[in-house]
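# Structural characterization, general
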Amino acid sequence: MAINLQKGQRETLNAPKFTIGLGWDTNSSVTGAQFDLDASVFIMGENKKLIADEFFVFYNNLTSPDEAVQHTGDNLTGAGDGDDEQILVDLSKIDPRVSELCIVVTIHDADARKQNFGQVRNSFVRIVDASNNTEIVKYELEEDFSIETAVEFGRIYKRNNEWKFEAVGMGQRGGLQDYLNKYN
């Protein structure tokens, strides 16, 4: 049975291969424009910076150079139940310089479309063991991010040769470029 985490909680990941599933529902009637949320992963070293530009995995760069992190593709609407976007992770392939995977979701063209995470509900990130398709942990965002256009959902980090997941839930105004500036 999955462990439901609260903001700030951490849990050890005992699965070398897993899927990061991200989901959300939107209220598109608020602005009239369709919502396009995008999941991204920043693959970083001990210095909390990208190993290299190619270690930023998102809709325009679906696979990391070590092939350890693979985005399954951009979902332009978020329609339907379950995961809206998925990222496959194989820690056995991860570059030895990597110590953290930061999982971020941004709203594409949020400013132009006058959209924010206050108009998004039922947001979650979950980790599913690839060997048996069992959900290990799940974190549901419960805060109202009424002005934020980007949210760091969680991070997977290595400490004492163990990989752990931390439920972060930290929002900010801005988009992918702001995270690139922070982590590059």
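Right above here is the structure, for reference.
The text that follows walks through the structure, step by step, so that each part is easy to find. The residue numbers shown here count from 1 along each chain, following its written sequence. With the structure being a predicted model, the display of local features is reserved for residues of pLDDT at least 70 and the display and counting of side-chain atom pairs for 80 or more, all residues being used for whole-chain, interface and lining totals. Water and hydrogen atoms were dropped before computing side-chain values, which therefore reflect all heavy atoms in the structure.

This brings us to the nonpolar core. A general tendency of soluble globular proteins is for nonpolar side chains to be buried together. Among buried residues, the Ala, Val, Leu, Ile, Met, Phe, Trp, Tyr and Cys ones that are joined through side-chain atoms within 4.5 Å form a nonpolar core. Relative accessible area decides the class of each residue, using a 1.4 Å probe on protein chains only: under 20% of the type maximum gives buried, over 50% gives exposed, and in between gives partly exposed. Formed by 41 residues in total, the largest nonpolar core has its most connected members in I20, L22, I156 and F165. When contributions to this core are tallied by element, the ones reaching two or more residues are strand 3 (17–26), strand 4 (37–44), strand 7 (85–90), strand 8 (100–107), strand 9 (120–129), strand 10 (134–140), strand 11 (150–159) and strand 12 (162–172). With 12 residues, the next largest nonpolar core counts M44, F56, F58 and L176 among its residues. Only DSSP runs of H or I reaching four residues or more are called helices, and only runs of E reaching two or more are called strands; each is numbered from the N terminus.

Turning our attention to the sheet that holds strand 8. If you trace the 6 strands from one edge of the open sheet to the other, you get 2-12-11-8-4-5, paired in antiparallel fashion. This sheet does not close on itself; its edge strands, each paired only once, are strand 2 (10–12) and strand 5 (56–57). The sheet contact formed by strand 4 and strand 5 spans 2 bridges and is antiparallel. Among the inter-strand pairings, F42 is bridged to a residue of strand 5, identified as F56. Strand pairing follows a simple DSSP-based rule, namely that at least 2 bridges must link the two strands.

Close approach of charged atoms allows side chains with opposite charge to pair. Salt bridges are counted wherever a side-chain nitrogen of Lys or Arg sits within 4 Å of a carboxyl oxygen of Asp or Glu. Throughout the structure, instances matching the rule amount to 9 salt bridges. Of the charged contacts in the structure, one is a salt bridge between R126 and D83, with a shortest N-O distance of 2.8 Å. One end of the pair, R126, is in strand 9; the other, D83, is in the loop between strand 6 (69–71) and strand 7, with 43 residues separating them in the sequence. Using a relative accessible area of 18% as the deciding quantity, one classes D83 as buried. Note that E135 is salt-bridged to R126, the shortest N-O span being 2.9 Å. Assessed through its relative accessible area of 22%, E135 is described here as partly exposed.

Most of strand 8 is tucked away: 8 of the 8 residues are buried. Where burial is concerned, the two faces of strand 8 agree: the one with E100, C102, V104 and T106 and the one with L101, I103, V105 and I107 are both buried. Direction of pairing for strand 4 relative to strand 8: antiparallel, over a ladder of 8 bridges. Within strand 8, the residue paired with V41 across the bridge is I103. Sheet topology places strand 8 next to strand 11; 7 bridges connect them, and they run antiparallel. Counterpart to T106 in the pairing with strand 11 is A150.

Keep in mind these numbers describe shape, not what the thing actually does.
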